[in-house]
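# Descriptive analysis of the structure
Now for the letters of each chain:
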Amino acid sequence: MPCVADWLNNPFSIVQGIFAQNVPNSDWEKKVTEYFKEKLKENNATNWVPSLNDVPVHYLKPNSLVKFRCMVQDMFDPEFYMGVYETVDPNTNARVLHFGKYRDVAECGPQQEIDLNSSQTVTSERQTFYCVPVPGESAWVKEISFLTGASQARVSPSTSYTPSRHKRSYEEDEDMDLHPSKQKEQHIGSGGDIHGCVEPKRLETEASAGHHLVSPNCSPPLDLNFPLPGEKGPACLVKVYESWDSFKVNDVLEVYGILSVDPVLSIVNSEESSALDPMECMDTAEEQRVHSPPASLVPRIHVILAQKLQHINPLLPACLNEEESKTFVSNFMSELSPVRAELLGFLTHALLGDSLAAEYLILHLISTVYARRDVLPLGKFTVNLSGCPRNSIFTEHIYRIIQQLVPASYRLQMTIENMNHSRFIPHKDYAANRLVSGVLQLASNTSLVVDETQLEQGQLDTTGVHNVTALGNLITWQKVDYDFSYHQMEFPCNINVLITSEGRSLLPSDCQVHLQPQIIPPNMEEYMSSLLTAVLPSVLNKFRIYLSLLRLLDYSISDEVTKAVEEDFVEMRKNDPESISADDLHRTLLVARFLSLSAGQTTLSRERWLRAKQLEALRKARLQQQKCLNGNEL
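None of the values given here were measured: they were computed from a predicted structure.

What counts, and where the lines are drawn
Residues numbered from 1 in each chain as written. Predicted model: local features only at pLDDT ≥ 70, side-chain atom pairs only at ≥ 80, totals over all residues. Heavy atoms only, no water. Helix = DSSP H or I, 4+ residues; strand = E, 2+ residues; numbered from the N terminus. Buried < 20%, exposed > 50% of the residue type's maximum accessible area, 1.4 Å probe, protein only. Contact = heavy atoms within 4.5 Å. Arc of directions from axis to C-beta. Polar contact = N/O pair within 3.5 Å; in protein donor to acceptor, adjacent residues only side chain to side chain. Pairing = 2+ DSSP bridges. Phe/Tyr/Trp six-rings, centres within 6.5 Å; stacked < 30°, edge-to-face > 60°. pLDDT = per-residue confidence, 0-100. Axes fitted to C-alpha atoms, helices over the stretch in contact; angles between N-to-C directions. Parallel < 35°, antiparallel > 145°, perpendicular 65-115°, else oblique. Nonpolar A, V, L, I, M, F, W, Y, C, P; charged D, E, K, R; others polar. Salt bridge = Lys/Arg side-chain N within 4 Å of Asp/Glu carboxyl O.

### A few points about unusual backbone geometry
- Phi at D374 takes a positive value of approximately 60 degrees, unusual for a residue other than glycine.
- Positionally, D374 belongs in the loop between strand 9 (371–373) and strand 10 (376–378).
- Here the phi dihedral of S485 falls at roughly 65 degrees; this positive angle occurs in a residue that is not glycine.
- Summarising the element assignment, S485 is placed in the loop between strand 16 (479–483) and strand 17 (488–492).

What follows is the structure in structure tokens.
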């Protein structure tokens, strides 16, 4: 019976055993998937699997089982590989069947050759995704995820594999990892199968794998194509064998698969490319470099199991539909009221004593696009928090607080410089045959804080105008039009946008809340910094669960309440036909929706509808008051 070390440290031995027992029956592939699925269901087994999000690649054993929490940044063309192939010993004519699945390079033993003309050969297809860590993932998500599996995952897989160098950060590794030649001798000398099989006996299993025109020893640093500046972590080529049609660009996945960092990949690619006619491959040099980077810098993961994540909050169960998860949800919902009260108090202090703004911020943070009617995204709730102090540290600290509450976020400083020089919209690079990322290529439910207080007078150039237009489209339609040169392609998104501004924002919003500070701290930096240090970690975790969980709850309005709301709206129009519009009804229904959910109620009650109307009346009165004070529209 295989032990833990077998399926974690040497999954190929498990695959080989199942393959040998079931060949030529094609069911062996399904049995491999079922085996690992059952293993990962065992007592906290997922925590035993080391994660590429937490452990540097060079600390992980090659060909071991790993996991990776990531976003699909790009999707490469499907590739063909030898799913099953046959080797022959020229001396004895003995034939052996091998599997090529989960491998980058076909293996054969000493004195064996691959029979390319064998009738047993099975050509299969797989899809390659270029995956990056979730853009803007909060530090607390990384830390809790690491601590959850650290006690098991760091020890179990690493005991049989001692890294040959001291631990370094990913950035420090980039220079070293671009020179795999030193690893070549060690790798080839350490395995009998590899040592005994040289070109042309050792063949790549993927037909479309790249060829480096430039040697890895002298090629310029590879752009890992992270959407946000300053991001860290590994990018991976994730090879998917089943149901890849269910995944798409910008999906957040957790994949379990076999880690491939074979230096031979770089060697094979450079040798093959040097043999090509330069005139034939001139146009594809960059494509080869991007699609087949050094495996030590962009490792490959051959996926055994993959799932699309509903969320990335490690404090919540991954799937809320399971029985254990339902218990977790019901237990948390029973203590929801005090958590909401504490969160409201915390955000009120953060917003300088403004409890109305704090109410709307909670509603904003739990909002999500729950459906689309034609082109209209339902559930989006972009808030413009106006009245923020100009060029102050206030907006920066508000972002830091949001960063501590949500799993993924990004602060976009809306300066003329950023608008004119940043790349917001992803575009297709046809020379490299890849999607070049942009700031607006974000995962679902990312909080985007647009800081407009930084905006000064200046001239927007063509890029700046396109960027502002893209931001407006994201807010209004929850979509980003990716640039494919000859056409644009719509990518729907679900991004929570909060705009901080001094006056009314230049960008569209669903709701403007004007800040009315009740406290003017003598030292803003000290006041804002003390807020987070004063909150207990256990309380902060409850806030995080609260905001993530409420986004995932279902919500409905009964026919009875719908009729009452319609009658109420008709009455409101009669009393004040000038200022009550269809937009007001839509916004009040949204406020009522999120107000209900914030209290743990999944249906709209009469009381919540009246409270929503009250909040909206207070918000509008404040805007009107400010308009009168300033003598112009906010």
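### Observations concerning the side chain of S548
- Structurally, S548 can be placed in helix 18 (residues 537–551).
- The class of S548 is buried, set by a relative accessible area of 9%.
- Residues within four places of S548 in sequence aside, it is in contact with N313, L316 and P407.

### Concerning helix 17 (residues 524–534)
- For helix 17, every residue scored as buried is listed here: M524, Y527, M528 and L531. Down the axis of helix 17, the sector holding all buried residues measures 90 degrees, keeping them to one side. Opposite the buried face of helix 17, at more than 90 degrees from it, the exposed residues are E526, T533 and A534.
- Contact partners of the buried residues in helix 17: helix 12 (336–350) and helix 14 (394–405).
- Its side-chain oxygen 3.3 Å from the backbone nitrogen of E525, N523 forms the N-cap of helix 17.

### Details of the pairing of strand 8 (residues 300–308)
- With 3 bridges joining them, strand 6 (residues 236–240) and strand 8 adopt parallel strand pairing. Of the residues in strand 8, the one forming a bridge with V238 is I301.

### Things to note about the packing of aromatic side chains
- Tallying each qualifying case throughout the model produces 14 aromatic pairs.
- When the ring of F12 is compared with that of F99, the centres are 6.0 Å apart and the planes differ by 45 degrees; the resulting orientation is tilted. One end of the pair, F12, is in helix 2 (residues 11–22); the other, F99, is in strand 3 (residues 95–99), with 87 residues separating them in the sequence.
- For F12, a relative accessible area of 10% gives the class buried.
- The class for F99 is buried, based on a relative accessible area of 1%.
- Each ring, one from F129 and one from F247, has its centre 6.4 Å from the other, and the planes form 75 degrees; the classification is edge-to-face.

### Observations concerning the confidence of the model for the protein chain
- For the protein chain, the average pLDDT comes to 85, and 84% of its residues sit at 70 or higher.
- The low-confidence segment residues 154–217 (pLDDT under 50) makes 151 contacts with residues lying over four places distant or belonging to another chain.
- Here residues 278–283 is modelled with pLDDT under 50, and outside its nearest four sequence neighbours on either side it reaches 4 contacts, counting other chains as well.

### A few points about the packing of helix 13 (residues 355–365) against helix 20 (residues 582–598)
- Running from N to C, helix 13 and helix 20 point in directions that differ by 85 degrees, and their axes come no closer than 9 Å. As far as their axial angle goes, helix 20 and helix 13 are roughly perpendicular. Together, E359, Y360, I362 and L363 of helix 13 and V591, F594, L595 and S598 of helix 20 make up the contact between the two elements.
- Split into classes, the residues belonging to the contact of helix 13 with helix 20 amount to 6 nonpolar, 1 polar and 1 charged.

### A few points about the pattern of salt bridges
- Counted by the stated rule, this structure contains 31 salt bridges.
- Between E137 and R69 there is a salt bridge; the shortest N-O distance is 2.8 Å. Residue E137 is found in the loop between strand 5 (122–132) and helix 4 (139–153), and its partner R69 is found in strand 1 (residues 65–75); the two are separated by 68 residues along the sequence. For the pair E137 and R69, a shared accessibility class is recorded, and that class is buried.
- The partner of R587 in a salt bridge is E616, with the nearest N and O atoms 2.9 Å apart. Placement of the pair is R587 in helix 20 and E616 in helix 21 (residues 606–630), with a sequence separation of 29 residues.
- The structure contains a network of salt bridges with shared partners spanning D584, R587, E616, R619 and K620.

### Re the pairing of strand 15 (residues 447–451)
- Across the 5 residues of strand 15, 5 count as buried, placing the element largely inside the fold.
- Here strand 15 shows no split at all, with S447, V449 and D451 on one side and L448 and V450 on the other all buried.
- For strand 12 (residues 409–413) and strand 15, the ladder comprises 5 bridges, and the chain directions are parallel. For S409, the partnering residue across the bridge sits in strand 15 and is S447.
- As paired elements, strand 15 and strand 18 (residues 496–500) share 5 bridges and run parallel to each other. Bridge pairing in strand 18 places V450 opposite I499.

### Regarding the side chain of S145
- If you trace the backbone, S145 turns up in helix 4.
- Classification of S145 as buried rests on a relative accessible area of 16%.
- Separated by 2.8 Å, the side chain of S145 and the backbone oxygen of V141 make a polar contact.

### What to know about the sheet that holds strand 18
- As summarised here, the arrangement of the 5 strands in space is 12-15-18-11-19, forming an open sheet in which the pairing is parallel. Strands at the two margins of the open sheet, each flanked by one partner only, are strand 12 and strand 19 (511–514). If you compare each strand with its neighbour and ignore which way they point, the axes differ by 20 degrees on average.
- Examined bridge by bridge, strand 11 (residues 383–386) and strand 19 share 4 bridges and lie parallel to one another. Directly across from V383, in strand 19, lies its bridge partner C511.

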